[in-house]
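Topology and contacts: notes
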Amino acid sequence: MEVDLTYLLPFLAILATVYYYLTKNNKYFHDKPIPSLAVEPLFGSTRRLMLKKTSFHDFIMDVYNKFPTVKVFGMFDTITPVFVVRDPELIKRITVKDFDYFVNHRQAFGSSDDPNSTTLFGKTLIALQDQKWRDMRATLSPAFTGSKMRQMFDLIVECSTNMVKYYQGEVRNKGGPQEHEMKDVFTRFTNDVIATCAFGIKVDSLRNADNDFYTNGTKMMAFNRTSVLVKVFLLRLMPKLMAKIGIDVFDREQSHYFTEIIRDTVRTRDAHGIVRPDMVNLLMQARKGALKYQQEAAEQATGFATVLESEVGQTHTGEKGLDMTEMEMVAQCLIFFLAGFDTVSTCLTFLSHELTINRDVQDKLYQEVLETKESLGDGPLTYDAVNKMRYMDMVVSEALRMWSPAPATDRECIRDYVVDDGEGLKFTIDKGTVIFLPISGLHHDPRYYPNPNKFDPERFNEENRDKINPGAYLPFGIGPRNCIGSRFALMEVKAIVYYMLLAFSFERTPNTQVPLKIAKGFAGMRSEKGVFVEFRPRK
C-alpha cells in the first residue's frame, strides 16, 4: 500500500518547525550556575498555572520555595527564559541601581509602536517601553503628587459616604444586619471612584447595579473567560505578531465604550471651559505642558507602602509637554481603571476579611477611627487626617503584605547584564530574557517576616518598620518602574475603611471561610468561595 506524501510531508515539516520554536531554548539554563525548574513544550514551567491547577499566588509561593537557599533560579514562562530573583539586595540592585538594564516590562499582553493603531493596552503606561515610557512617566507623575491627591480626596469621600448610606438603608429596609460578598461590594465602590476620579462621570453601582460603566468594566476584567485566556496565551507566546494583526487584550466593544466617554468629556470641557479636580483634567493639563513635578516635603507621610517617584518621573518633558494622542490619553485612563477597579478592590476584600477574623485588630482600628472623627469635630474626613492615622496605615500595610494584589512583577533585560554577588556567584542575564520578582514569596518568607501567615499589623509600628528590608516589601513594585498610583490607592482604601468602620462592625457568618483559599487560575487574587462578612450597625 502506497502512502500519499503530498500533504503528509509539509504537515510534518510544519510540526517540526513549531516544535523547534517551542523547545529551542529549553536548555538555556544548563550553562548557568543556578538551578532551574523543569520545562515542558508550550507551557514551560507553568503548566499547573495555565491549566488552572493552582492560583497565581500559590504558584509564586511554590516556585519561590523550591530553592530556599539560592539568590536566583531559572524557569520558563511558556517559551521565555525567566530569572526568578529571590534576594532582596539583588532585587534592589537590578531595579534601582542598574535600572537602565531593566527599563521595561516584557511585552506579554500586547504592544503597539504604531501611533495610529487602535489597540489600547500597548499605549498604557505599564506597556510602554524605553524613551516612550520615560516621557509618559514624566508627563503623568505630576498628576499623582500629594497636592493633586488632596484635590481629588473629596470625590473619594463622596463615594465612601454614599456607600455607607446605601448599606445603612439596606439594614433598615431588610430589618437587620446583612451578609455581603466583599469582592462584589468593593468592586462597585472602586468602580464609582474610578468613574468620578479618572473618567469625570458619576455613577452609582449600588443603586443602579447594571449601569453601563460597571457592566463594561466587569467584562473588561473577566480574565478567567476561556476566550480571554486563549488571547492572553497567544499574546504571551507571540506578542509582536499579535500586535501586528491588531489583537488587543481588551475587547473592541469595551475599548470603544471607554474611548467615547473620554472623547465626549474632553470635548465638553474644552467647549465650556469646565474644570473639575479629576484625572481627565490633569491629563488635559499634561497634554498642554501645564503640569510640573514639585517635590513635596510631606510626601513620606502618606503611608509606609507609598513608593516615591524617581528622577525619571521628576524630569520635566518641556514647555509643550508630551505630544500625547487622544488614544494615548484614553489608554492612561483605562489603565487607571484596571488598577483601581481590581487591585484596590482586592486589597479591600482581603483587608475586610482580616478585620473580621481578627477582632482585636478591628477594635483597635475602630478606636483610632473614633479619635480621628472627634479631632475633625464631626466634619468630613480630610486628606491630612487620614494620613495621620498610624494604626490604619499599619493595618493596610500588613494587608498588602499578606495578600499582595500582584503576586509577582517582571522586568525585561534590554542588554546583557552580569550578576556578580562578590561571593562566587557570577553569570550573565542575557538581553531579551526576563526577571521575575516573586512578591508573594518574599512577603511570606519567615526570614523577613516571622510567623508570616499571621496577620500582625505591629510589624509596621514605629519600632519595627525600620527593620523591614525594602527589597522584600513590594506591594507597589520597586524602582523607577513602580506603581505610579500608590498614593491614590492608599487614600482610597483608608477612606472607605474609615467610613465603613464608623457605621458598622465586620462580623463572621457561616459562609466566612477560615482559612481563605485562593481561586485557581492565572487571573489575580480571588477567594475560592468568596469573602462573606456581615455588616452590623454600631449603636
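Use the structure listed above.
In this report, we go over the structure that sits alongside the text. (Residues numbered from 1 in each chain as written. Predicted model: local features only at pLDDT ≥ 70, side-chain atom pairs only at ≥ 80, totals over all residues. Heavy atoms only, no water.)

What to know about the overall build of the protein
Tallying secondary structure elements over the protein gives 19 helices and nine strands in all. Looking at the protein residue by residue over its 539 residues, the buried ones come to 59%. The contacts of the protein with a sequence gap of at least 6 include a subset with a gap of at least 24, amounting to 77%. Accessible surface, the protein: about 23,700 Å² in total, of which carbon and sulfur atoms supply 53%. (Helix = DSSP H or I, 4+ residues; strand = E, 2+ residues; numbered from the N terminus. Buried < 20%, exposed > 50% of the residue type's maximum accessible area, 1.4 Å probe, protein only. Contact = heavy atoms within 4.5 Å. Areas by Shrake-Rupley, 256 points an atom, 1.4 Å probe, with all protein chains shown as cover.)

Here's the deal with helix H6 (residues 146–174)
For H6, which comprises 29 residues, the first-to-last C-alpha distance of 41 Å matches the rise-based estimate of 42 Å (1.5 Å per residue) to within 8%. Looking one or two residues past H6, Gly-175 carries a phi angle of roughly 75°, positive in sign. (Expected span 1.5 Å × (residues − 1).)

Details of unusual backbone geometry
Residues Val-514 and Pro-515 are joined by a peptide bond in cis, for which omega reads -5°. Of note in this structure, Thr-78 is not a glycine but carries a positive phi near 55°. With respect to the helices and strands, the residue Thr-78 is situated in the loop between strand E1 (72–77) and strand E2 (80–85).

Some thoughts on the pairing of E1
Within E1, six of the six residues are buried, which leaves the element mostly enclosed by the surrounding structure. Here E1 shows no split at all, with Val-72, Gly-74 and Phe-76 on one side and Phe-73, Met-75 and Asp-77 on the other all buried. Alignment of E1 against E2, held across six bridges, turns out to be antiparallel. Counterpart to Val-72 in the pairing with E2 is Val-85. What sits between E1 and E2 in their antiparallel hairpin is a turn of two residues, with Thr-78 showing a positive phi close to 55°. (Pairing = 2+ DSSP bridges.)

Side note on the sheet that holds strand E8 (residues 504–507)
Strand order in the open sheet formed by three strands is E3-E9-E8, with antiparallel pairing between adjacent strands. One side of each edge strand has no neighbouring strand; the edge strands of this open sheet are strand E3 (178–181) and E8. In this sheet, adjacent strand axes meet at a mean angle of 35° when their direction is disregarded. Across the sheet, helix H7 (residues 182–197) lies against E3 and strand E9 (532–537), angled at about 75° from E3, the strand it touches most. Here helix H19 (residues 486–503) sits on the sheet in contact with E8 and E9, set at roughly 95° to E8. (Axes fitted to C-alpha atoms, helices over the stretch in contact; angles between N-to-C directions.)

Observations regarding the environment of Phe-73
One can find Phe-73 in strand E1. Residue Phe-73 is classed as buried on the basis of its relative accessible area, which comes to 0%. In this structure, the C-alpha to C-alpha distance between Phe-73 and Ile-435, residues 362 residues apart in sequence, is 9.9 Å. In this structure, Phe-73 is in contact with Ile-34, Pro-35, Leu-37, Val-63, Tyr-64, Phe-67, Val-82, Phe-83, Val-84 and Arg-86, ignoring residues within four places of it in sequence.

Section: the packing of aromatic side chains
Counted by the stated rule, this structure contains 24 aromatic pairs. Plain terms: the ring middles of Tyr-28 and Phe-29 are 5.0 Å apart, the flat faces sit at 85° to each other, and that makes the pair edge-to-face. Residue classification places Phe-29 among the buried residues on the basis of a relative accessible area of 4%. Ring centres of Phe-67 and Phe-73 lie 5.1 Å apart, and the angle between their planes is 50°; on these two criteria the pair is classed as tilted. Connected via pairs of aromatic rings, a cluster forms that spans Tyr-28, Phe-29, Phe-76, Phe-83 and Phe-427. (Phe/Tyr/Trp six-rings, centres within 6.5 Å; stacked < 30°, edge-to-face > 60°.)

What about the side chain of Ser-141?
Here Ser-141 shows up in the loop between helix H5 (130–140) and H6. A distance of 2.8 Å separates a polar atom in the side chain of Ser-141 from the backbone oxygen of Arg-137. A polar contact is formed between the side chain of Ser-141 and the side chain of Glu-309, at a distance of 2.6 Å. (Polar contact = N/O pair within 3.5 Å; in protein donor to acceptor, adjacent residues only side chain to side chain.)

A short note on the environment of Lys-183
Considering the arrangement of structural elements, one finds Lys-183 in helix H7. Measuring from C-alpha to C-alpha, the distance between Lys-183 and Val-531 comes to 6.8 Å, with 348 residues separating the pair along the chain. The residues contacting Lys-183, other than those within four sequence positions of it, are Asp-342, Ser-345, Thr-346, Thr-349 and Arg-526. Side chain to side chain, Lys-183 and Thr-346 meet in a polar contact 2.9 Å long.

Topic: the nonpolar core
Core analysis: the biggest nonpolar cluster contains 116 residues, and Phe-199 and Val-497 have the highest contact counts within it. Per-element tally for this core: the top contributor is helix H14 (residues 326–357), with 17 residues. Those residues within four positions of Phe-199 in sequence are excluded, and the remaining contacts are Ile-194, Phe-213, Phe-258, Ile-261, Ile-262, Thr-265, Val-280, Cys-333, Leu-334 and Phe-337. (Core = buried A, V, L, I, M, F, W, Y, C linked by side-chain atoms within 4.5 Å.)

Some remarks on helix H17 (residues 390–402)
Along an α-helix, a turn takes 3.6 residues, which lines up residues three or four apart on a common side. The first and last C-alpha atoms of H17 sit 19 Å apart over 13 residues, in line with the 18 Å expected at 1.5 Å per residue. In terms of residue burial, H17 counts as a mostly covered element, since twelve of its 13 residues are buried. Turning to H17, the residues buried within the fold contact helix H3 (56–64), H14, helix H15 (359–375), helix H18 (439–443) and H19.

Describing the sheet that holds E1
Strand-to-strand pairing in sheets goes through backbone hydrogen bonds, with the strands running parallel or antiparallel. The strand order across the open sheet built from four strands is E1-E2-E7-E4, with neighbouring strands paired in mixed fashion. This sheet does not close on itself; its edge strands, each paired only once, are E1 and strand E4 (409–412). Taking each pair of neighbouring strands and ignoring which way they run, the sheet shows an average axis angle of 30°. Both E2 and strand E7 (residues 434–437) contribute to a ladder of three bridges, which runs parallel. Its bridge partner lying in E7, Val-84 is registered against Phe-436.

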